[in-house]
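Residues per chain, in single letters:
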Amino acid sequence: MTALDPDLAARLTRGPAGLVPAVVQQYDSGEVLMLAWMDDEALRRTLTTRRATYWSRSREEYWIKGETSGHHQYVKSVSLDCDGDTLLVRVDQVGPACHTGTRTCFTDELLAEKEAEL
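Each value, and the rule that gives it
Counting of residues starts from 1 at the beginning of each chain's written sequence and follows it residue by residue. In keeping with the predicted nature of the model, local features appear solely for residues at pLDDT of at least 70, side-chain atom pairs appear and are counted solely at 80 or more, and the whole-chain, interface and lining totals rest on all residues. Excluded from the side-chain calculations are hydrogens and water; all other atoms, namely the structure's heavy atoms, are used. By the convention used here, strands pair only if DSSP detects at least 2 bridges between them. Secondary structure counts use DSSP, requiring at least four H or I residues in a row for a helix and at least two E residues in a row for a strand, with both numbered from the N terminus. Between N-to-C directions, angles span 0 to 180 degrees; the directions come from axes that are lines fitted to C-alpha atoms, helices contributing only their stretch in contact. Any two residues whose heavy atoms approach within 4.5 Å are treated as being in contact.

K.L.:
Got a sec to walk through the sheet that holds strand β5 (residues 73–80)? Specific residues and values, please.
P.N.:
Strand pairing in a sheet relies on backbone hydrogen bonds. The paired strands run either parallel or antiparallel. The strand order across the open sheet formed by four strands is β2-β1-β6-β5, and the pairing between neighbours is mixed. Bordering the open sheet on either side are β2 (32–38) and β5, each of which pairs with just one other strand. In this sheet, neighbouring strand axes are inclined to one another by 25 degrees on average, regardless of whether the strands run parallel or antiparallel. Examined bridge by bridge, strand β1 (residues 20–26) and strand β6 (residues 87–93) share five bridges and lie parallel to one another. The residue of β6 that forms the bridge with Gln26 is Val91. Along the sheet, helix α2 (residues 40–49) makes contact with β2, β5 and β6, crossing β5 at roughly 120 degrees.

Quick look at the structure:
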């Protein structure tokens, strides 16, 4: 097993658990699908295989999106933000992205866009 490129690893700003949040976005529509977590190994696997691989904080194990559900994420690009503390993973999502069966995990609208008054 190879390690994450040292130059890339040096640019990452990890949280206390060694994780970086990964915002997952549909590559062609821009729709935000979910938020997941990656450590160096999950990022290395994602970059190497182009299959979205994350760290499950609840199960404490790696998981490849779609491995059990069939709702795969084929990675088109991965970007690092200016502070090195967030990843943007642009994917081609097959089926629902959320474990609840919805297309996106962001279905509970807390503040709706207000119509512009004339």
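Still more to cover.
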